[in-house]
Amino acid sequence: MASTLIEEARVALGGISELFSGLVSPTVRLGVTGLSRSGKTVFITALVHNLLHGGRLALFNAQAEGRIVRAYLEPQSHDEIPRFAYEDHVALLTGPERTWPEGTRRISELRLTIDYRARGLVARNTHGGQLHIDIVDYPGEWLLDLPLMSLSYEEWSQATLAQSRSGARLKLAGAFHDHLATLEPEARASEAAAQQAARVFTEYLARCRRDDVSLSSLPPGRFLMPGDLEGSPLLTFAPLDVTPETAAKRGSLHAMMQRRYDSYVAHVVQPFFYDHFARLDRQIVLADLLTALNAGPAAVADLSAGLSAVLACFRQGANSWSSVFTGRRIDRILFAATKADLLHHGSHDRLEAILRLVLERALKRVEFAGARLDVAAIAAIRATREATVRQGGDILPCIVGTPEAGEVVGEELFDGDTEAAIFPGDLPADPAKALDGSMAGSIRFVRFRPPKLSAGPLQSSPAFPHIRLDRAIEFLIGDRFR
Ligand SMILES: Nc1nc2c(ncn2[C@@H]2O[C@H](COP(=O)(O)OP(=O)(O)OP(=O)(O)O)[C@@H](O)[C@H]2O)c(=O)[nH]1
Ligand SMILES: [Mg+2]
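Computed from a predicted model, the values in this text were never measured in an experiment.

Visitor: Is there a simple way to think about the overall build of the protein in this case?
Guide: Each helix and strand counted, the protein has 16 helices and 12 strands in total. A buried classification covers 55% of the 482 residues belonging to the protein. Long-range pairs, those at least 24 residues apart, make up 77% of the contacts in the protein between residues at least 6 apart in sequence.

In structure tokens, the structure reads:
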């Protein structure tokens, strides 16, 4: 597609100017990738907070060796993008209400700069280095748009309709199917028809999102999370009953929908990819595997399919000529199962093993030549502590925290202030057992409020407690502090 070439040329030019500025101060563009509610905003906030406040990061070597001189926020490199509301998120998390940030509705960016001493020069303190870390946050819904870049309107229509006619979605698609049956793809194009079709289709998507336990594949992402495109004509299309063999007649509804779909891909999806993903150096892919495991094998399969489709796009991006031209490509990817604090630590390695297995299946078609991959179970913000509780003759490994108001465990309804010890259940030792459906409903999930902060003995101000966030940081950027 011609527009793809233009986008790639922009990336290449941007990359070259970045290379020159990179000679002055090295920059890592860190991609935080994950579907909706996977934990991106919380991860970015916790990462920045721990680096700014000298949190306990024993496995982040530069910090453990005392070589971090100063970490601070700087103006980001793109003036046209809003700044990541870091201070607002921290205020919410640490304020008297202790609440999690809301779902993200628009894109934002942040630059963190770290001054450090090179290894071996600690005593003399003569030579220092500086590293910029650029991070972008965006609504997870938009990520699922990336696969549209390689689908024609007809292929997308066919796939979307097939999905709406099977499984859990069928019973949610009644009104959408009824309306679809009244649409004649060959009929003359009409603005009113396009608008109505888009409205009925969007209502169907919204219903799936509400009722579906897994919402890993519901593009186009902007239909549910329009950002600044609210009311834009770019969002007035819908799938029709057409196949890739159907040629669109000039002036027909089909041709109109096809043109709008192409515009959406060219003006929304491609710029999103090429502006924010095509130039990444490092990437962390977050997955809320625990929620999917608890919902059952269909949800895990959906998550796996969503990740696989998205990662295939990154693979394509890595092969593009612009990456060859600028020499930039993603060379490290960490896959992380988030919210590990909802399990006792005895299950953390098991969660990692299950993620490995899911990825083995999801990544079958996707290879990342030259990139180092790793897998981790993490909690960016640890909301629980651990305790053992004696119940009858058994000793149960429990987690302790403040369940959010309205959460129910057994008979008890929580008010949002009372702490509780909860036995969350165990993950199976054999990861395959987690994927065959036998463990659905066997982990007990409670949403906890963010933790109260307290400073460690060597800290001036407290940072968020975490699980294996330091390991993630070391893997993602540790080598840049040599
Ligand atoms: N216990 C616990 N809960 C977490 C953690 N990280 C995220 N959560 C929960 O997951 C929810 C979603 O996290 P977000 O960071 O907002 O997810 P996101 O990926 O930014 O979601 P979108 O903005 O919708 O794409 C939060 O509101 C928390 O309830 C964690 O480390 N521990
Ligand atoms: Mg978010």
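Visitor: Which parts of the structure should I look at to understand the side chain of Asp137?
Guide: Structurally, the position occupied by Asp137 is in strand S4 (residues 128-137). The contacts of Asp137, once residues within four sequence positions are left out, are Lys40, Thr41, Ile44, Phe84, Thr104, Arg106, Ile107 and Ser108.

Visitor: Teacher, can you tell me more about the sheet that holds strand S12 (residues 420-422) here?
Guide: What links the strands of a sheet is backbone hydrogen bonding, and the strands pair in either a parallel or an antiparallel sense. Read from one edge of the open sheet, 3 strands run S8-S9-S12, paired in antiparallel fashion. The open sheet has two edge strands with one neighbour each: strand S8 (385-391) and S12. When strand polarity is set aside, the average angle formed by the axes of neighbouring strands in this sheet is 45°.

Visitor: What is the right way to look at the coordination of the magnesium ion (ligand 2) in this model?
Guide: Each pair of donors in an ideal four-coordinate tetrahedral metal site encloses 109.5 degrees, whereas pairs in an ideal six-coordinate octahedral site enclose 90 or 180 degrees. Protein coordination at the magnesium ion (ligand 2): the donors are Thr41 (OG1) and Thr104 (OG1), at 2.0 to 2.1 Å from the metal. Here the residue Thr41 occupies a position in helix H2 (residues 40-52), and Thr104 occupies one in the loop between helix H4 (86-94) and strand S3 (108-117), the gap between them amounting to 63 residues. Overall, Thr41 belongs to the buried group, its relative accessible area being 9%. For Thr104, a relative accessible area of 18% puts it in the buried group.

Visitor: Sorry if this is basic, but what is going on with the site of ligand 1 here?
Guide: With respect to spatial proximity, 20 residues lie near ligand 1, and among them Lys40, Thr41, Val42, Thr104 and Gly140 are the closest. Thr41 has a polar side-chain atom sitting 2.8 Å from an oxygen atom of ligand 1. Thr104 has a polar backbone atom sitting 2.8 Å from an oxygen atom of ligand 1. Coverage of ligand 1 by the protein amounts to 93% of the 650 Å² it exposes when considered alone. Take the shell around ligand 1: its biggest share by element is 3 residues, from H2. Split by residue class, the shell around ligand 1 holds 9 nonpolar, 7 polar and 4 charged.

Visitor: What should I look at first to understand the packing of aromatic side chains in this one?
Guide: We describe a pair of aromatic rings using the distance from one ring centre to the other and the angle between the two ring planes. By the definition in use, this model includes 21 aromatic pairs. With centroids separated by 5.0 Å and ring planes inclined at 70°, the aromatic side chains of Tyr116 and Phe481 adopt a geometry described as edge-to-face. Residue Tyr116 is found in strand S3, and its partner Phe481 is found in the segment after helix H16 (469-477); the two are separated by 365 residues along the sequence. Residue classification places Phe481 among the buried residues on the basis of a relative accessible area of 0%. Ring plane angle 45° and centroid distance 5.5 Å describe the contact between Phe176 and Phe201, whose orientation is recorded as tilted. Of this pair, Phe176 sits in helix H7 (residues 174-181) while Phe201 sits in helix H8 (residues 191-211), placing them 25 residues apart in sequence. In terms of burial, Phe176 and Phe201 fall into one category: buried. Within the aromatic cluster, the residues linked to one another by ring pairs are Tyr153, Trp156, Phe176, Phe201, Tyr204, Phe223, Phe237, Tyr261 and Tyr264. Sitting over the face of the ring of Tyr138, Lys40 holds its NZ or CZ atom 5.7 Å from the ring centroid. Directly above the ring of Phe475 sits Arg332, whose terminal nitrogen or CZ lies 5.5 Å from the centroid.

Visitor: Would you mind showing me how to read H7 here?
Guide: Helical periodicity: at 3.6 residues per turn, an α-helix aligns residues three or four positions apart in one direction. Listed as buried for H7 are Phe176, His177, His179 and Leu180. The arc that holds the buried residues of H7, viewed along the axis, is 165°, so those residues lie on one side. Across H7 from its buried face, at more than 90 degrees, point the exposed residues Asp178 and Ala181.

Rules and cut-offs
- Residues numbered from 1 in each chain as written.
- Chains lettered and ligands numbered in written order.
- Predicted model: local features only at pLDDT ≥ 70, side-chain atom pairs only at ≥ 80, totals over all residues.
- Heavy atoms only, no water.
- Helix = DSSP H or I, 4+ residues; strand = E, 2+ residues; numbered from the N terminus.
- Buried < 20%, exposed > 50% of the residue type's maximum accessible area, 1.4 Å probe, protein only.
- Contact = heavy atoms within 4.5 Å.
- Pairing = 2+ DSSP bridges.
- Axes fitted to C-alpha atoms, helices over the stretch in contact; angles between N-to-C directions.
- Donors = N, O, S within 2.8 Å, 3.2 Å for Na, K, Ca; no water.
- Near = heavy atom within 4 Å.
- Polar contact = N/O pair within 3.5 Å; in protein donor to acceptor, adjacent residues only side chain to side chain.
- Areas by Shrake-Rupley, 256 points an atom, 1.4 Å probe, with all protein chains shown as cover.
- Nonpolar A, V, L, I, M, F, W, Y, C, P; charged D, E, K, R; others polar.
- Phe/Tyr/Trp six-rings, centres within 6.5 Å; stacked < 30°, edge-to-face > 60°.
- Lys NZ or Arg CZ within 6 Å of the ring centre and 35° of its normal.
- Arc of directions from axis to C-beta.

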